[in-house]
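So you can see what is in the structure, the chains are spelled out below.
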Amino acid sequence: MSTVEGYHVRPSAVVLMLREEFPDFLICELRGGQGRPCLVATSTRTTSSGQPELVVCGGAKELRKALRVMEGGAA
């Protein structure tokens, strides 16, 4: 299986679960130069300035909390 450094072609179970839970966001897992994972979510909607919303978190729990707040729900 081919991979690009920091990006796995096949998403982890956590990423698949988050994608299912938050279908309005494009979610992937990246790894920095030191190998630490981070989750990145980009909204399929845009802000009033025309830019997509971008969230970067260190883990699934933190990302889930941030996305719930963005969707107008309780953290």
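In this text, all values refer to a predicted model and were calculated from it rather than measured experimentally. In this numbering scheme, every chain counts its residues from 1 along its sequence in written order. The predicted nature of this model means local features are confined to residues of pLDDT at least 70 and side-chain atom pairs, given and counted, to a pLDDT of 80 or more, with totals for whole chains, interfaces and linings taken over all residues. Here the side-chain values reflect all heavy atoms present in the structure, with hydrogen atoms and water set aside.

## Observations regarding the overall build of the chain
Then comes step 1: Scanning the chain from N- to C-terminus turns up two helices and three strands.
Then comes step 2: Numbering of helices and strands runs from the N terminus; a helix is a DSSP stretch of H or I covering at least four residues, while a strand is a stretch of E covering at least two. Start at the N end of the chain and walk to the C end: the helices and strands fall as α-β-β-β-α.
Then comes step 3: Relative to its 75 residues, the chain shows a buried fraction of 21%.
Then comes step 4: Restricting the contact set of the chain to residue pairs at least 6 apart, pairs at least 24 apart contribute 22%.
Then comes step 5: Carbon together with sulfur atoms contributes 54% to the accessible area of the chain, which is approximately 5,200 Å² in total. Each residue is placed in one exposure class: buried if its accessible area under a 1.4 Å probe, protein chains only, is under 20% of its type's maximum, exposed if it is over 50%, and partly exposed if it falls in between. Any two residues whose heavy atoms approach within 4.5 Å are treated as being in contact. All accessible-area figures derive from a Shrake-Rupley calculation using a 1.4 Å probe, and residue coverage is judged against the displayed protein chains alone.

## Section: the pairing of strand S2 (residues 37–46)
Then comes step 1: Paired strands, in this sense, are two strands between which DSSP finds at least two bridges. Where strand S1 (residues 25–31) and S2 come together, seven bridges link them in antiparallel fashion. Looking at the pairing, Ile 27 lines up with Ala 41 of S2.
Then comes step 2: Counting the residues in the hairpin turn of S1 and S2 gives five residues, including Gly 35, whose phi is positive at 85 degrees.
Then comes step 3: Examined bridge by bridge, S2 and strand S3 (residues 52–57) share five bridges and lie antiparallel to one another. Considered in S3, the bridge of Thr 42 is made with Leu 54.
Then comes step 4: Between S2 and S3, which pair antiparallel and follow one another directly, the connecting turn spans five residues, one of which, Gly 50, has a positive phi of 90 degrees.

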